[in-house]
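Residue-level listing of the chains:
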Amino acid sequence: MLTVPLSFSAEIDRCLKKVTEGVEKFEETWQKVHNASNANQKEKYEEDLKKEIKKLQRLRDQIKTWIASASINDKTVLFEKRKLIEQVKRGARNRPFSRMSSPVFVRASSPFLPRRRSVNAQGS
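Residues numbered from 1 in each chain as written. Predicted model: local features only at pLDDT ≥ 70, side-chain atom pairs only at ≥ 80, totals over all residues. Heavy atoms only, no water.

Visitor: Account for the side chain of Lys81, naming residues and giving values.
Guide: Structurally, Lys81 can be placed in helix 3 (residues 76–94). Of the side chains with opposite charge, Glu80 comes closest to the buried, unpaired Lys81, at an N-O distance of 6.9 Å. Every residue in contact with Lys81, bar those within four places of it in the chain, is listed here: Leu16, Val19, Thr20 and Ile63. (Helix = DSSP H or I, 4+ residues; strand = E, 2+ residues; numbered from the N terminus. Buried < 20%, exposed > 50% of the residue type's maximum accessible area, 1.4 Å probe, protein only. Lys, Arg positive; Asp, Glu negative; His and termini not counted. Salt bridge = Lys/Arg side-chain N within 4 Å of Asp/Glu carboxyl O. Contact = heavy atoms within 4.5 Å.)

Listed below in structure tokens is the structure:
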């Protein structure tokens, strides 16, 4: 699997396992949000999704540190897990589970996305 010193090996394995569990938990919680019958349940599950994304981001930061480390030779698994976390994060932004991820909010707050023009601004 990974060619690393034994001190890193156990820590990396635990982190990779947490990533897998975190992604699974995120998907389960997303299904709960989608199937929630009332607004209170939905809000609770949305908060759980945000917490899970933050956990995954912390794990991604740790993985990035290991990727930058010269003591780890085979980094393919680390790259794969980092990409998985980034896909989940991108998917969370595209899934309208909260006001913060809605296209209108993201578009208005993101300097990287083009602003929508109103009909009057287009000159029509």
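Alright, that's what it looks like, and here's the rest.
Visitor: I'd love a proper account of the pattern of salt bridges, names of residues and values included.
Guide: Evaluation of the coordinates by the stated rule reveals six salt bridges. For the salt bridge of Asp48 with Lys44, the shortest nitrogen-to-oxygen distance reads 3.0 Å. Placement of both Asp48 and Lys44 in helix 2 (residues 39–68) is noted, with a separation of four residues, approximately one turn of the helix. By relative accessible area, which is 24% here, Asp48 ends up partly exposed.

Visitor: Break down the side chain of Glu52 for me, with residues and values.
Guide: Among the structural elements, Glu52 can be located in helix 2. Filtering out sequence-adjacent residues up to four positions away, Glu52 remains in contact with Gly22, Lys25 and Phe26.

Visitor: So, the nonpolar core: which residues are in play, and what are the values?
Guide: In this structure, Ile63, Trp66 and Leu78 are the most contacted members of the largest nonpolar core, which totals 22 residues. Listed by contribution, the elements that provide at least two residues to this core are helix 1 (6–35), helix 2 and helix 3. Not counting the four nearest positions on each side in its chain, Leu78 is found in contact with Ile12, Leu16, Ile63, Trp66, Ile67 and Ile72. (Core = buried A, V, L, I, M, F, W, Y, C linked by side-chain atoms within 4.5 Å.)

Visitor: Lay out helix 3 in plain terms, naming residues and giving numbers.
Guide: A rise of 1.5 Å per residue sets the reference length of helix 3, with its 19 residues, at 27 Å; its end C-alpha atoms lie 27 Å apart and thus fit the reference within 8%. Those residues of helix 3 not exposed but buried are Val77, Leu78, Lys81, Arg82, Ile85, Glu86, Val88 and Ala92. (Expected span 1.5 Å × (residues − 1).)

Visitor: Explain the environment of Lys89 to me, using residue names and the numbers behind them.
Guide: Following the sequence through the fold, Lys89 ends up in helix 3. Considering only alpha carbons, one finds Lys89 and Ile53, 36 residues apart in sequence, at a separation of 6.7 Å. Dropping the residues within four chain positions of it, Lys89 is found in contact with Gln57 and Arg60.

Visitor: Quick rundown of the confidence of the model for the protein chain? Include the residues and the values.
Guide: When pLDDT is averaged along the protein chain, the result is 78; 70% of the residues meet or exceed 70. Predicted confidence in the protein chain is weakest over helix 4 (residues 103–109), with a mean pLDDT of 41, and strongest over helix 2, with 93. With pLDDT under 50 throughout, residues 98–124 is counted as low confidence; its partners more than four residues away or in other chains account for 19 contacts. (pLDDT = per-residue confidence, 0-100.)

Visitor: Run through the packing of helix 2 against helix 3, naming residues and quoting values.
Guide: Where helix 2 meets helix 3, the axes come as close as 9 Å, and the angle between the chain directions of the two elements is 150 degrees. What the angle tells us is that helix 2 and helix 3 run roughly antiparallel. Seen from above, helix 2 lies across helix 3 with left-handed handedness. Residues Ile53, Leu56, Gln57, Leu59, Arg60, Ile63, Lys64, Trp66 and Ile67 of helix 2 pack against Leu78, Phe79, Lys81, Arg82, Ile85, Glu86, Val88, Lys89 and Ala92 of helix 3. (Axes fitted to C-alpha atoms, helices over the stretch in contact; angles between N-to-C directions. Parallel < 35°, antiparallel > 145°, perpendicular 65-115°, else oblique. Left-handed = near helix turned anticlockwise from the far one by under 90°.)

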